[in-house]
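Structural overview
Here are the chains, one letter per residue:
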Amino acid sequence: MIAALRPMMKTHRLVMLGLAVGAVAWCAYALRWDWIPTYWNNGLILTGLETTLSLLAFSWTIGLFFAIWLGLAQASGPWYLALPAKGFCSLIRGTPLLLQLWFFYYGIGSTFQQFPWIRHSWAWTYLREAWPYALMTLTLSFAGYEGEVMRGAFLGVPKGQLESARAFGMTRFTILRRIWLPQAVQRVLPTLGGETVLQLKATPLVATITVVDLYNVSQTVRQDTYVIYEPLLLLAAVYMAITGVIVLIFRWLEHRVPSKVA
Amino acid sequence: MFDAISHLFDPGQALGLLAYAPPGWGGNLLAGLGRSIEIAVGAYAVGLTIGIFGAFGKIYGGEVTRDIFGIYTTVVRAVPELVEILILYYLVPQVVNSILLSFGYDRVSLPQMPVGILVLGVVLGAYMTEVLRGSILAVPQGQIEAARAYGMPPLLLARRIIFPQMMANAIPGMANLWLNATKDTALLAVIGFNELTLTTMQGAATTKNYFVFFIAAGLMYLVISIVSGRFFARIERWARRGQPLVRGGGI
């Protein structure tokens, strides 16, 4: 414990720490925070947090699943798989997420309602809401960015590993499952941590298509109470805390995975 | 041939909505594209300036400088750009005005564009600091020591030894940041900047023809990223001249 605190025991760091504590105390004292209990009690803050976190978790999981195949197609697929995969990744990486989001929600979403048979089907209960479009866009975006990352990771695994696996008579799927994918994932972990933070920072955009995430809640508070800065400051602090948790999780993961890369 | 293509843009034809002159939206879209590029270039210049100072400050600066830049890069990279843009967008004019008022001047209303450029530049600067820092650290230590041993003054050392060798490592990261800058300009649409994405949305909402507009805007962004990918690949080849070949480059 003492050893952990030692890096902080320098004069300028103590001064900075004091300044930071002072700034926080000033914020707590001089700014308006009386709106917090209202919005905590009516559940809006928790709803927003839940939406943000679940959008992140689901788009991360589904997106990474697609990304593995996109990376694999680009790294070793035949041209009729590699070319579309590369095109998809370039398309996603070359256009702003906001444009993609609005394209899916306003463009495709408004097309759906022109067809009566869609409006009368079971899917309409989901298609008329905003979150499926948000989730789909975020998932496709994550898949596009990570597909490129996974391509590099697959190509980075030493050829000898795959050759010896083949020499042992492993089937192609077993090679992927036992040899290729684990080593690729191991290489990609540090990058993946950063990309996860980027994905978290992409989620507030869904507020522009009326999904009630954390950012949207802060905008609601600002419009209701005319308090300008305080909700934004709290929002920034919450995002920083989530980022911190993500960084810690990935640091723990990297420590768990043996890091001796041949 | 050219005639047939230009007829596509006549009113009522497939691309009539994108014609250059009103009632087509082509002129507006191009103006939006121009503003997007202007913001991106400005923000990139601001970010590069901050990044150069930040990188050298983080490596060669004193303890206080290093910690300050450390806090800057950590905080800026941990908070969503949208939130930062909102905070700074309201904060910058207020700070400027309160400084002006305290010196006895009148309030000014700051023009939108420079504030937007500055805000995006500050965000970009944090990432640029890290890219440049990494590439400076990748320059072999012996090179710098040898230059110091010959008595090179720090500025000459930076210009003749560090800069040429760090460029090759820095270009890929800088290319990524340029692409991020062009895409981040779209975020300014949320606070009412009339750049490409917002103009597209306005055109699409007015004409109810979402696909034409969004695909046109997407193609414009794609052209930017492909052209600048080529451009950066060429610069990287130049920066790597004389070094062993590595694969890479380009989107």
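All values reported here derive from a predicted model rather than from experimental measurement.

A closer look at a nonpolar patch on the surface
Residue and element names in this part refer to chain A. A cluster of nonpolar side chains, namely Leu-5, Met-8, Met-9, Leu-14, Leu-17 and Val-21, defines an oily patch on the protein surface of about 530 Å² accessible area. Ranked by residue count, the leading element in the nonpolar patch is helix 2 (residues 11-30), at three residues. Its relative accessible area of 54% is what places Met-9 among the exposed residues.

Describing the packing of aromatic side chains
Inspection of the entire model under this criterion finds 21 aromatic pairs over all chains. Taken together, the ring pairs in this structure connect Trp102(A), Phe103(A), Phe104(A), Tyr105(A), Tyr106(A), Tyr133(A), Tyr210(B), Phe211(B) and Phe214(B) into an aromatic cluster.

Examining the confidence of the model for chain B
Where the model shows low pLDDT, its predicted coordinates should not be examined in detail. Of the residues in chain B, 89% have a pLDDT of 70 or more, and the chain-wide mean is 85. Within chain B, no element has a lower average pLDDT than helix 1 (residues 2-8) of chain B, which sits at 67, and none a higher one than helix 6 (residues 141-149) of chain B, at 92.

Let's talk about the pattern of salt bridges
Tallying each qualifying case throughout the model produces seven salt bridges over all chains. Two residues, Glu148(A) and Arg151(A), come together in a salt bridge whose shortest N-O distance is 3.5 Å. Here the residue Glu148(A) and the residue Arg151(A) both occupy positions in helix 9 (residues 131-156), the gap between them amounting to three residues, near one helical turn. Here Glu148(A) falls in the buried class, since its relative accessible area comes to 18%. Accessibility expressed as a relative area gives 28% for Arg151(A), which makes it partly exposed. Each of Lys58(B), Glu130(B) and Arg133(B) takes part in a single network of salt bridges with overlapping partners.

Calculation rules
Residues numbered from 1 in each chain as written. Chains lettered and ligands numbered in written order. Predicted model: local features only at pLDDT ≥ 70, side-chain atom pairs only at ≥ 80, totals over all residues. Heavy atoms only, no water. Patch = residues over 30% accessible without salt bridge, like charges linked within 9 Å, V, L, I, M, F, W, Y side chains within 5 Å. Areas by Shrake-Rupley, 256 points an atom, 1.4 Å probe, with all protein chains shown as cover. Salt bridge = Lys/Arg side-chain N within 4 Å of Asp/Glu carboxyl O. Helix = DSSP H or I, 4+ residues; strand = E, 2+ residues; numbered from the N terminus. Buried < 20%, exposed > 50% of the residue type's maximum accessible area, 1.4 Å probe, protein only. Phe/Tyr/Trp six-rings, centres within 6.5 Å; stacked < 30°, edge-to-face > 60°. pLDDT = per-residue confidence, 0-100.

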